[in-house]
Each structure stands twice: as C-alpha cells, then as structure tokens.
Amino acid sequence: MASSDTAGTIDPLPADRLRRRTHFTKRKPAQSSTVEFEGLFGQERAREAIQLATGMSAKGFNLFVAAPPGADASAATKALLEKATAKREMPDDWVYVFNFDVPHKPRAIRLPPGSAMQFRGAVRDLIFDLIAAVPAAFEKPEFQAQREALEDEFQNRKEDAFEKLGKEGRNRDVAIIQTPMGFSLAPLKNGEVLDPKSFNALAKAEQKRRQGQLKEVQDLLADTLRHLPKWERETRKSLRALERETAEAAIKQSIEETKASLRELPTAVKHLDAMHQDLVDNIVLFSTFAAQSRESDAGPISPNGSLGPLERYDVNIFVAHGEERSGAPVVEEVHPTLANLVGRVEHRAEAGVLTTSFMLIKPGALHMANGGYLVIDARSLFREPLAWDALKRSLRQSGVKIESLGEVLNLSTTITLEPEPIPIDLRVILVGDAWMHHVLAAYDPDFSVHFKLLADFETDALRSESSEAAYAAKLSAHAEQDGLLPPDNTALERLVEEAARSTGDADRLSLVSSDIRDLMIEASHRASVANRVSITQVDVAESIQSRRRRLSRISDRMQEGILRDIALIDTDGMAAGQANCLSLFQIGGFMFGKPTRVTARARPGSGRIIDIEREASLGGPIHSKGVMILTGYMAGRYATDKAMSLHASLVFEQSYGGVEGDSASLGELCVLLSGIAGVPLKQSLGITGSVNQHGEVQAIGGVNEKVEGFFDICNARGLTGDQGVIIPASNVQHLMLNEEVVEACRKGRFGVYPVRNVDEAIALLTGVSPNILHGKVDAALTAFAQVISQSGKSDEKYTARPVADEIPPSEPPGAPPENPPSEPPRAPPSRSSVAKKSDD
Amino acid sequence: MTEVLARFTKCTVVSIATIDHAAGEAAALTIARRFGSSCRAILVTNEDMVVSAHATFGHVLDVVTGQWRDLRQVIETPKRPKRSVQRIELLSEMARSVGIEADISVLESGQALADVKATPRQDLLILVQPTDPLARQSHPFTELRHAALSAHAPILFVPPHLPTGSRGILVLAQREGDPAIEVAEQVSRVIGEPVKRSGASRLEELGGIWEADRTRLPSIIVTARDVQLDDPAFVSRMTLRLGVPILLIESEA
C-alpha cells in the first residue's frame, strides 16, 4: 500500500525530462560515406537466422522473415543474402532441347555455368552449316543419278510387267480396254476387238474357249497389279537408304567437329548423338526449310526467333549464368503467380492456330533462383491461386514441374508439352507478417516441414548514442539512395527523435523505417522549395506539423466540440466526483489523445461498483477488469472490519462508442473516492494511469498523445499555470512530448506530474492530504452501513429502472443523447463491442 | 528438206479422251505452236470397245482399289456425253493459253484410226503418250500408235513435260545422207536450236548415256522411223523415260 506521507511533495517534471533530445552538433553522426550501411541495423536476432539459412544446406531449412510492413525487410534480407552468397559457387546452366524419342516431353540438360550459350552457339553453327551442306549434297549429279536409277528401275519393272501382260493378252487374242473407270478385257480377232454380234456368232465352244482366255488374262492382270505395291515399297526403301547414306555423308563431319568442340560437355555430346540420328532420319526437313526460306525471303532465323522446320534442333537457353554476375543467384519474385514461380509453356499463333514448342518453355523464379535464394513476399504469394501449393510441391519434390493453371485445375484437355522437371536446390525466403507465420505454423502442417527457420524482425531498438549514430547513418544512406537532399545534423536529430516518438518510448528507436523515410522525403521537398542545399530541422518540423494537420480532422472536430462546451470538459475550478481522464484514439494509423469526463455517484448499497460502460455493453473486458480492481482496492482499504455498504456508479460522460483498456482506472478511483467523500477534484488536471488493488500506479500506453491532447484544450482556452497532467511515474521514460508542450512546461505554464500511487494523485487533485480524504471516505461508508442497517432494505430498493435501450449506439462528439441514461441494465458484459476508444 | 517442212502445214494432236492427259496435251499444243502450223486435235473415244468388253467379259478393274467391278456402271453412266464436252472445253482453253488455234473433235476409235492413217505426208502427227504403262498396253492407244506408224506423216511422240531451255536437236542417223539429218536441220531453223549429231543410231543406245547425265538431254530427238520400228512400244517408253519428244520420220522423204 502506498504511503500518504508523500502528499503535496510532487513537483512537475523539469522540461528536460519531457523529451529526450538527440545531439549531433557536438558528436558528429556516422555518415553513410564513412560507415558501411547495414540494412539489418538492430536486427541481431534476424541476422542470426538469415546467416544460419545461408550457411546450412539441409533440406527444409527455408526461412520465414517475420517483419512488420515498412520494416524494409525484403531489401535488407536480399542485401544480406547477396553479400553472403557473392563468393559461393555459381549454379549450373539449364537448357531445354527436343526429345527425339518422345516429342511432347522436352528434355532438360544440365550444363556447367556459362556453357549454355556456348552449347547453343555450337548447335546453331552446326545447323547453319548443314542448311548449306545438305541441299548441296542432294543436288549433286551423283545423287540425282542414283535416285533416278532407282526410280527408273521401278518404272522399268512396271513397264516390263505390263508389256509382258500386253503380250500375254495378244497371244491369247485378248485386248486390254481402257475405260473412264479402269481397265476391262475384250476378245480380239485379227488384232481388232470383237463386237458383241460377232462374238455371239462364234460357236459355243469357241465362245467358251475365249471366255477362258479372258479369265486367264484377268488373273494375269490381277497378279501383275498385286506386285506393284511391293515393288513400290522396295523402291521407296531403296530411296530412303540412298537418302540416309547421302545425309550421313553430308552431316557426319560437321557433327563430329561440333562434338569435338563440346567434348567437355558430355550431356551436350549425348544430345548431339541423338540429334545425329534424327538428322539422318529427317533430312527432308532441310529441303522444307529451304523452300520456306525461298518463299519468305528471310534469313535462317524467322522474325519470331524460330528456325522453322529445323526448330527441333535448336537449343532453348532456359537458365544461363553469364559474366554479368558471380556467385549464387538471389532472386526476388515480386509477383509470385503460379506461372511466375514454376515457369510456363507459351504459345504462338500461326495461321490462326495456337502452337507451341520446347523453345517456348519459359523459366519461373524457382528455376532462376536454383542454386541460390528466392525471396518472395508472403502476402503476394497467398493472393495468387495455387502458388503456395506449387511452391510446397516443388520444395517437397526438390524439383519443378511446369504446369499451367488450367492443367492443375484439369480445365485444359488439349495436348501440350510436358517438359522434363528440373531438380532444384535452393533456399526460399518468405517475407511476411509475424501473424502470418503464426497462422501458417498453426494450420498448415507442411509449413513447419519446409520453413524451419524464422527471422523475427524487431520493431524497435534500444536508443543509445551509438544506435542514434547508426540510425542517422541509415537515414543518410536512404537519402542518398532516394536521391534526396542530404539531411544536416539538426535534421537528423529531429528525425531520430521522431523515430523514438513513433515507438511511444523515449529510450527506443523505431526500426519500421518507412514512416521516417517518408517524413525525410517530404522534408527534402520542403528544403528544395526553400532553395536549401540540405534538409534542416525546420524542414523536418514543418513536415511533422503538416502531416499532423493533414491527419487531424477528426481530432480537431473533437477539440472544437470541447471548446464550444458541447463535450463538457472543465479545465479550471474543482468538482467532487468528477475528473478529466485521458483517452487515446487511433484512426487510420494516426493517434491522438482527448480528455473525457469521468464521474461517480455513490449511495448506500451492498458493496457494488457499477461500471456503466460495461452495463451498456460499451466497455471492453480490460476496462471492466480495471473497474473490478477498484472494488478490490475499496474492500482492502475500507472494508476490512465491516461490510461494504456502497453502491456506486462510474461513467465516461458523453462517450457513445466503445471503451477499452484500464488506463483510466487511476482516474476512476480518484473520482470514486471524491464522490464518496464529497471532496472536490481540480479540473485543471488531466489524469491517466492504471492502478492495482494496492493503489500502486502502473504504466499506460500513448502517454505522449494523452498529455498533448489535454494540453491542446488547455492551451486553446489559455494556459493558467495550474494546468497539467498526472501520469504514472513509470511512463516518464516514455515521454517524447512535442516542443510546444515542453516549452510551456519550461515556462511553468503547464505541468506533467509523475505519481507512483493513488495517494500522490489524490494529493495533486484535491490539494489536501490523502489521509483526510481516506478518513472522509471511511466515514461516508460507515454512514452508508448505518443507513442500510437502519432501513433493513435490500440493494434492490435502490435499483433504478433500466433505460439502456434508449441510448443511441454511437453519437458524434458533442451531441448528447435525447434521453440521457440513468442506470444501465444488468446485462452481461459484451466482448463484441468495437473499441474505438482506448484508455490504455 | 525445206520441202519437208513446207508440208508440215498442219499438226494433228491425237490424245485419248477416256482419261485426262492434260500435261501431255499441253506439251503437244506447245510444240505445235513452235512449229507455227495450224492445229487439229483429235480426242479418241472407245465406247464401242467398252460395249464389246461389257458383252464378252463384263468386268472392269478399279485400279485404285484393285477390285473388279461390274462394267455396266460404265456403260450406263449418264455423264459420258457431258464428259466429252468437258474434255473439248478444257483442250480449247489449253490451246488458248498456249497461244494456238485448234480445231478439236471427239472421234470414236474407228473413225480416229482412219483419220490418223490418212494423215498426209506434209502434216505432223503428234501423239500424246499416256503415262500409265498399262494404258499404253491398252486399246485404243495401242491401235492408235499402230495406225500412226502406218501413216506417211512424221510422228512426234510427246512426253507430259517438255525439256526446258535450249538444249539442241539431236539427230540419230544410220548413215550420211540420212533424211533425219535434213529434217533436223530444218527443225533447227524453225525453232532456233542447234543440231547435234549423236554417235548412236538407235534409241536404246541413248538410255544408259543420259541416265548418267540428264543435263545432256536435247530438246527433240529426230530419227528415221524404220530404224526404230522393231518395237513401237519402246519408242513410247523411251519418250517418257527420257522426257524428250521423239520425232520419227519416214526413211524416204
């Protein structure tokens, strides 16, 4: 229990305790040019995880970087990865080539780094060489003569067979008759066809003999015709053999020379062997190519980059590592769609038809990062259909299979390519929020299998001289990167202070740098407009004020409501059972404080303190807990030897939204004691703080905004020197008040009073010794007990009619409800109410 | 031999109407235009033979399927007259495109044979060669070739495709003063290509030479008819095999 002896001894904090300054004037901050900028400043824990990820090769040790938006984690991680991997071995190149055995399954070939271009160059040289050599070989008179000889042989065979047939027919006095639909037979006499009349005139025996002859020739004709396809096949076979021999002679030397030039690439040489065989089998493609080239009057490579009919011999450079970089790749995929991750097979429109080939297989980020690191923004990844599943599948199989969205969903039934999957060995780094990590770890069993490492980024770092200097160096580096004017020392001081202010803690620096970076960009703009060569503190201060002005429309409206006495807030005089507690609002990332009148009424009862906010379902659970703590304090302080015969109610006046947090509990306790004892409280003081059952005051959040919120009201009405704010002593370390408040305090026109217990707060608020107040409270409670005892009536006697339903759910500030509530119904507290206002 | 050429007052192109010989007919009309003569074209039909075949044998071999079918389908097809008209129209159009006027008639084989046999000495008979070897063993072509060879007029056997370019006129002569030499020289003056004298005197001697080097093939081969008449079918075959028109003239001009 806090002592009451300290009453009246609390002095306002000196001005230098209200804002922790940064001074670079005497100690120069480290500049970006002299200190290596480290993207992971203050992130030792994350750095360790990233270094572990880069150092390990075990499967599954991929990394999840948990960082708040604006922490610049992707860039910082990427910078660290690139530094770590620069000296690592460069991964292999990959090319896709035609599969001569299974054409719809292109083959993937692994080549040493930097060899893909060499391989394609050699193959293309070979093809260009053959484009000239093959037609020349087939145009040689020797080949033409051999081919014609084969064709003539077949023709002669046919001619001989039919000549023989003709002779056999004539020998049997049978003519072969040509008709429009084929060939027929007719009997001859003296070389002329017998007409039907003459034939009928023949003796029956002769007719029969002639019919027999016709039948014989018919059989001979059928037999001759039966041989033709066989002879034709034999001729074709011979022709093919001749072509193969010619092709072999034309290409062999070129192929062997190419193989010799690639002898250090065994996989490439193996492909050339398969290509050699296919060239011999499909040598006709060269004549097709020549014909098309003549028609189009184009070079060997068409405008779309294709070799036309000879494309099957080309090489698709899939992943190549040239001389432009060294070490393992670090790839950041900013748009991680399924196709961008696993690659895709593109199509081209030809004569109204979509076609594809192995040359149109395009790599995804997994291929490009193979052998290195792939950085993906987790928020983007989970917005893309099937991308997460594809990533997990690839990590599980240690290989990438190129599939389109249509294939995965079985929407496409057309025949397409099935490229041979490429094995992968890489480290994936997902960058997301901490909550994403928690959700994935809880609900996706695969996540912990594939992402065993967590780099948990800090949101702030301890503020010290060295960290301030490092932070300033970081800001200078950002200015250089962003092409801004350089910030001078005064600007850096203000920016560093603002970085501390944004954490709500004077002793820490925010590592979520985007806001400070944006502030510096705006300040640079102002400096440019003012024709300054560097950013100064004036530019930074103007930018801070301007930003606040842009965001403070609602705050200003609330303040206006108070100044016009629509929202009742007194800043002078004294009143019993009434105090100015300080609330914190957060709207769209902008935080501001505002005083709220809290009142208490007390009467005899059965020891209950009614939290009207809770009863009206406007109070959150933590706020309700704070009020319940008051009951504990009251019981421990006043009812250890008697029953608590009190019925009191507490309310945030003119509050029509939700209330959450316990930062008003100190103020509520003071108001309650004041109400019971009838001792008035100074309305010139605002109060914030949480209290425990022993009366000790505990730290709260948003102390700067709350103090400034009350100051703004007082300042608008005119500072009297009596005004000020009571805050928990443990919050002094968090003070980073704005210059206006600090200046007013320096001049003694406003005060910030730190208290450690409720008695110190009572002393400040009442101006009397806390013991006097406690005595009055004790007396009042004794009197309440006597009233209860004498009347013998229960607490229900005093219960008013519930009218909570008449309260509008949310009214604008300064617009009181038409039917002000009296006592709310005894409804259970609601946890679903939206806490728009926080007294935390 | 100016007299000989002076008698080429008319070229008579003879082709089988039964099936299409568009390429050969175009070649025949082209060469007729080169000789600068008036032109008559005879398309030979053999409906009487088909009727006889139907009455005595009754089947027709479909060369596409290799199946024997009832010949009645050919006899009774209503398209036959229409087909003749189409053939005349096609040949007329072809003559116009080649740049020659042609008097075209469709004749039954009996009449056609008679006309061919009666072709005057000063005319030129141009015989279109069927590319199908079975067609060349069939009636009416065999009869037509026989009739042409029994006529006094020179006969030009024409392949479906003429050699391109100026390749010269090759003459096969058995002896000095062979009338083939004189005719070749006259043809040379008309078509503007040089005469070349072959060391060979018979067609069969040429085959082996030219098969080795077809670039040496001439535009026309001129030879005496009696030298080559051992096997008339062989002349047809060589015409197609070499792809060169062969002009057969009578030994005694």
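Before any of the text, the structure's been laid out above.
Residues numbered from 1 in each chain as written. Chains lettered and ligands numbered in written order. Predicted model: local features only at pLDDT ≥ 70, side-chain atom pairs only at ≥ 80, totals over all residues. Heavy atoms only, no water.

The next thing to look at is the overall build of chain B. Regarding its fold elements, chain B presents 12 helices and 11 strands. The burial tally for chain B puts 55% of its 253 residues in the buried class. In chain B, of all internal contacts separated by at least 6 residues, the share reaching a separation of at least 24 is 80%. A total of about 10300 Å² of accessible surface is found on chain B, and carbon and sulfur atoms cover 50% of it. (Helix = DSSP H or I, 4+ residues; strand = E, 2+ residues; numbered from the N terminus. Buried < 20%, exposed > 50% of the residue type's maximum accessible area, 1.4 Å probe, protein only. Contact = heavy atoms within 4.5 Å. Areas by Shrake-Rupley, 256 points an atom, 1.4 Å probe, with all protein chains shown as cover.)

With that settled, consider the sheet that holds strand β16 (residues 427-432) of chain A. All names here are of chain A. The five strands are arranged β8-β13-β16-β1-β17 in an open sheet whose pairing can be described as parallel. Strands with a single pairing partner mark the edges of an open sheet, and in this sheet they are β8 (330-333) and β17 (453-456). Looking at each pair of strands side by side, their axes are set apart by 20° on average, direction ignored. Two elements, β8 and strand β13 (residues 373-377), share four bridges in a ladder whose sense is parallel. Residue pairing in the sheet places Val-330 in a bridge with Tyr-373 of β13. Contacts between helix α1 (residues 44-55) and the sheet are confined to β1 (63-66), β13, β16 and β17, with β17 contributing the most and set at about 150° to the helix. Against the sheet, helix α14 (residues 434-443) contacts β1, β16 and β17, and its axis sits at roughly 135° relative to β1. (Pairing = 2+ DSSP bridges. Axes fitted to C-alpha atoms, helices over the stretch in contact; angles between N-to-C directions.)

In this section: the interface of chain A and chain B. The interface is formed by 40 residues belonging to chain A together with 38 residues belonging to chain B. The contact between chain A and chain B buries some 3400 Å² in all, and 60% of this surface belongs to carbon and sulfur atoms. Contact with chain B buries area across many residues of chain A, yet Gln-178, Met-181 and Phe-183 of chain A alone supply 23% of it, more than any other trio. Where chain A packs against chain B, one counts three salt bridges. The partner of Arg-237 of chain B in a salt bridge is Asp-160 of chain A, with the nearest N and O atoms 2.7 Å apart. (Buried area = accessible area lost by both parts, 1.4 Å probe. Salt bridge = Lys/Arg side-chain N within 4 Å of Asp/Glu carboxyl O.)

Here the focus is the pattern of salt bridges. Residues and elements named next belong to chain A. Under the criterion given, the structure shown has 56 salt bridges over all chains. In this structure, Arg-157 engages Glu-234 in a salt bridge whose closest nitrogen and oxygen atoms are separated by 3.0 Å. Of the two residues, Arg-157 sits in helix α4 (residues 141-171) while Glu-234 sits in helix α6 (residues 204-261), which places them 77 residues apart along the sequence. Look at Arg-157 and you get partly exposed, because its relative accessible area is 33%.

Another point: the sheet that holds strand β7 (residues 155-158) of chain B. Residues and elements named next belong to chain B. Ordered in space as β5-β2-β1-β6-β7-β11-β10-β8-β9, the nine strands form an open sheet in which the pairing is mixed. The sheet is open, and its two edges are formed by β5 (102-108) and β9 (195-197), each paired on a single side. For this sheet, the mean angle separating the axes of adjacent strands, direction not counted, is 25°. For strand β8 (residues 169-172) and β9, the ladder comprises three bridges, and the chain directions are parallel. In the strand pairing of β9, Leu-170 is matched with Lys-196.

All names here are of chain A. With 54 residues, the main nonpolar core has Val-95, Phe-119, Ile-251, Met-275 and Leu-310 as its most contacted residues. Of all the secondary-structure elements, those providing two or more residues to this core are β2 (93-97), β3 (107-111), α3 (116-139), α4, α6, α7 (266-281), α8 (284-296) and β7 (316-319). Residue contributions to this core peak at 11 residues, all from α3. Built from parts of two domains, this core gets at least three residues from each of domain 1 (43-91 + 321-457) and domain 2 (137-280). The residues touching Ile-251, leaving out its near neighbours within four places in the chain, are Leu-130, Val-134, His-276, Leu-279, Val-280 and Ile-283. (Core = buried A, V, L, I, M, F, W, Y, C linked by side-chain atoms within 4.5 Å. Domains from an automatic or database assignment.)

Residues and elements named next belong to chain A. For helix α24 (residues 703-717), spanning 15 residues, the distance from its first C-alpha to its last is 22 Å, which sits close to the expected 21 Å at 1.5 Å a residue. Most of α24 sits out of view: 12 of its 15 residues are buried. Residues of α24 that are buried include every one of Val-703, Asn-704, Glu-705, Lys-706, Val-707, Glu-708, Gly-709, Phe-710, Phe-711, Asp-712, Ile-713 and Cys-714, and no others. Positioned one or two residues after α24, Gly-718 has a phi angle of 110°, which is positive. (Expected span 1.5 Å × (residues − 1).)

Another point: the packing of helix α20 (residues 553-563) of chain A against α24 of chain A. In a packed pair of helices, the relevant descriptors are the angle between the two axes and the axis-to-axis distance. Residues and elements named next belong to chain A. One way to put it is that α20 packs onto α24 with a least axis distance of 11 Å and a crossing angle of 50°. One finds that α20 runs oblique with respect to α24. Crossing geometry of α20 relative to α24 is assigned as right-handed. Each of Gln-559, Ile-562 and Leu-563 in α20 lies in contact with α24, whose residues at this interface are Asp-712, Ile-713, Ala-716 and Arg-717. Along the lines of polarity and charge, the residues of the contact of α20 with α24 split into four nonpolar, one polar and two charged. (Parallel < 35°, antiparallel > 145°, perpendicular 65-115°, else oblique. Left-handed = near helix turned anticlockwise from the far one by under 90°. Nonpolar A, V, L, I, M, F, W, Y, C, P; charged D, E, K, R; others polar.)

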